[in-house]
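Residue-level structure breakdown
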Amino acid sequence: MIIPYGRHEIDNDDVNSVVEVLENKFLTQGDVVPEFEREVSSFCGAHHAIALNSATSALHLACRALEVKRGDIVWTSPISFVASANCAIYCGAKIDFVDINPNTNNIDPTLLKLKLIKAKKNNQLPKVVIPVHLCGLPCEMSTIWELSKEFNFQIIEDASHALGAEYNSTRIGNCKYSSITVFSFHPVKMITTGEGGMALTNSREIYERIKLLRSHGITKESKLMDKEKEGPWYYQQIELGYNYRMTDIQAALGISQLKKLEKFILNRSTLAERYIKNLKSSKFKTPLIPNNAKSSWHLFVVKISLNSFDEKRILFEYLIKNKIQVNLHYIPIYSHPFYKNFGFKKEDFPNSEKYYKEALTLPLFSNLSFLEQDKIITKLEKFSNK
Ligand SMILES: *Cc1c(COP(=O)(O)O)cnc(C)c1O
């Protein structure tokens, strides 16, 4: 069987939790979603959490909650999944990118500052910046936070990879350095609900707004209505919202999965350390984790110095032929055809371009066996010695 780059891990407890909802509870809009929200917010140390049907929806509503609109500008990292940028475009805003730091592969705070100084001169400051904790490695949030005060922008953390990661000894998701933090529960991510996501915040106002937009912009609370309730059946639509709800079936799986997150991270860290120790060829550059950060190890990206892009294609094919499903996270967002008309220039993002040439995602998931991993390492070493 082919070794995938990422895979979920489901056990009997997970199955039983889902069956319990199917047999005994509401399938959606019952009490399991609120329970999952409480569990995740207390795990992360945030005041509020809103479960959604994906991280993409969470990013969209995070932008809506911060009133991102036509005429506004949003910045993110080019080395991310497209959803990190699309959320701004959903709201009619303009998207721009800040190049990455070659050591962390995350948005570079120094380049961010330089771009902010320039943007201020041109009256083009962003309303929101979306740092992405790539592979589960937290961005330099305290620096980005200070810049947000100096240049007056809000922060949405795209922590789709980073549930369980730590920064300055506290958990990502506590929103100490952001208005909103977003997680994904897609099966390749840290824990899964099939599809699913969550937005966390310490602001009561943002919480209320995301909750409203999650369900059509409909409210049953009289204090939000423009007149007295007409009867017990009464509700009002007061905003243009969506159906971005998570089901109770999914939330049951999420609650059960969350119990195992620490084990998942421990297994992933052990495997990551084995890669770092055993990939000996000087051609491989393995990740460096700064002292103030703990990665959740969602992805293991190694950088390979190759003579050409062709050689990278050959390496990919060689590994896939050996039933090792490597991957590449990510193609710079600005190079996708949809983004072609926006006028981005590759030359403005030299670190992202270099990253794209060198990066390779090796299989990493909680139940990857040492045997499978050793095979991957052996094949890589063999290729590099050719
Ligand atoms: C997976 C991912 C998303 C989108 O998550 P979904 O839950 O699939 O919508 C957004 N941003 C990043 C960085 C991701 O990896």
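Residues numbered from 1 in each chain as written. Predicted model: local features only at pLDDT ≥ 70, side-chain atom pairs only at ≥ 80, totals over all residues. Heavy atoms only, no water.

1. Points about helix 5 (residues 109-121)
- The end-to-end C-alpha distance of helix 5, which contains 13 residues, comes to 19 Å, matching closely the 18 Å that a straight helix rising 1.5 Å per residue would cover.
- Listing the buried residues of helix 5 in full gives Pro109, Leu112, Leu116 and Ala119. Taken end-on, helix 5 shows its buried residues confined to a sector of 80 degrees, consistent with a single buried face. What points out from helix 5, more than 90 degrees from its buried face, is the exposed set Thr110, Leu114, Lys118 and Lys121.
- Residues of helix 5 that are buried make contact with strand 2 (73-76) and helix 6 (141-151).
- Where helix 5 begins, the capping side chain belongs to aspartate 108, and its oxygen is found 2.8 Å from the backbone nitrogen of threonine 110.
- Once helix 5 finishes, asparagine 123 follows within two positions and takes phi at roughly 60 degrees, a positive value. (Helix = DSSP H or I, 4+ residues; strand = E, 2+ residues; numbered from the N terminus. Expected span 1.5 Å × (residues − 1). Buried < 20%, exposed > 50% of the residue type's maximum accessible area, 1.4 Å probe, protein only. Arc of directions from axis to C-beta. Contact = heavy atoms within 4.5 Å. Polar contact = N/O pair within 3.5 Å; in protein donor to acceptor, adjacent residues only side chain to side chain.)

2. Details of the side chain of histidine 48
- Summarising the element assignment, histidine 48 is placed in strand 1 (residues 48-52).
- In this structure histidine 48 touches Ser41, Ala199, Leu200, Thr201, Asn202, Ser203, Arg204 and Tyr207, once residues within four positions along its chain are discounted.

3. Here's the deal with the sheet that holds strand 15 (residues 359-362)
- Strand order in the open sheet made by the 3 strands is 12-14-15, with antiparallel pairing throughout. Of all the strands in the sheet, just strand 12 (284-285) and strand 15 have a single pairing partner and so form its edges. (Pairing = 2+ DSSP bridges.)

4. Examining the environment of lysine 285
- Here lysine 285 shows up in strand 12.
- A sequence separation of 73 residues divides lysine 285 from glutamate 358, and the C-alpha atoms of the two residues are 9.3 Å apart.
- Those residues within four positions of lysine 285 in sequence are excluded, and the remaining contacts are Val302 and Lys303.

5. Structural notes on empty space enclosed by the protein
- Enumeration according to the criterion identifies 3 cavities of 30 Å³ or more in this entry.
- Taken as a whole, the largest cavity encloses approximately 210 Å³ of empty space.
- Residue lining of the largest cavity: 17 residues in total, with Asn103, Thr104, Asn105, Pro287 and Leu288 positioned closest to the centre.
- In terms of residue class, the lining of the largest cavity is built from 10 nonpolar, 5 polar and 2 charged. (1 Å grid on protein atoms, 1.4 Å probe; cavity = no way out; pocket = protein on both sides within 12 Å on 5 of 7 lines; lining within 4 Å. Points joined across faces, edges and corners; volume = space filled by probe spheres on them. Nonpolar A, V, L, I, M, F, W, Y, C, P; charged D, E, K, R; others polar.)

6. So, the site of the ligand
- Not every one of the 15 residues close to the ligand is listed here, only the nearest: Thr56, Asp158, His161, Ser184 and Lys189.
- In this structure, threonine 56 approaches the ligand through a side-chain N or O atom, which is 2.5 Å from an oxygen atom.
- In the complex, 93% of the free accessible area of the ligand, which totals 390 Å², lies under the protein chains. (Near = heavy atom within 4 Å. Areas by Shrake-Rupley, 256 points an atom, 1.4 Å probe, with all protein chains shown as cover.)

7. Focus on a nonpolar patch on the surface
- Taken together, the side chains of Ile10, Val15 and Val19 make up a nonpolar region of the molecular surface, amounting to roughly 200 Å² of accessible area.
- Mapped onto the fold, valine 15 is located in helix 1 (residues 12-24). (Patch = residues over 30% accessible without salt bridge, like charges linked within 9 Å, V, L, I, M, F, W, Y side chains within 5 Å. Salt bridge = Lys/Arg side-chain N within 4 Å of Asp/Glu carboxyl O.)

8. Structural notes on the packing of aromatic side chains
- What the rule picks out here adds up to 19 aromatic pairs.
- With 6.1 Å between their ring centres and 65 degrees between their planes, phenylalanine 97 and tyrosine 334 make a pair best called edge-to-face. Taken together, the residues span a long stretch of sequence, with phenylalanine 97 in strand 3 (residues 94-97) and tyrosine 334 in the loop between helix 10 (309-321) and helix 11 (337-340) at a distance of 237 residues. Here phenylalanine 97 and tyrosine 334 have matching classes, each one buried. (Phe/Tyr/Trp six-rings, centres within 6.5 Å; stacked < 30°, edge-to-face > 60°.)

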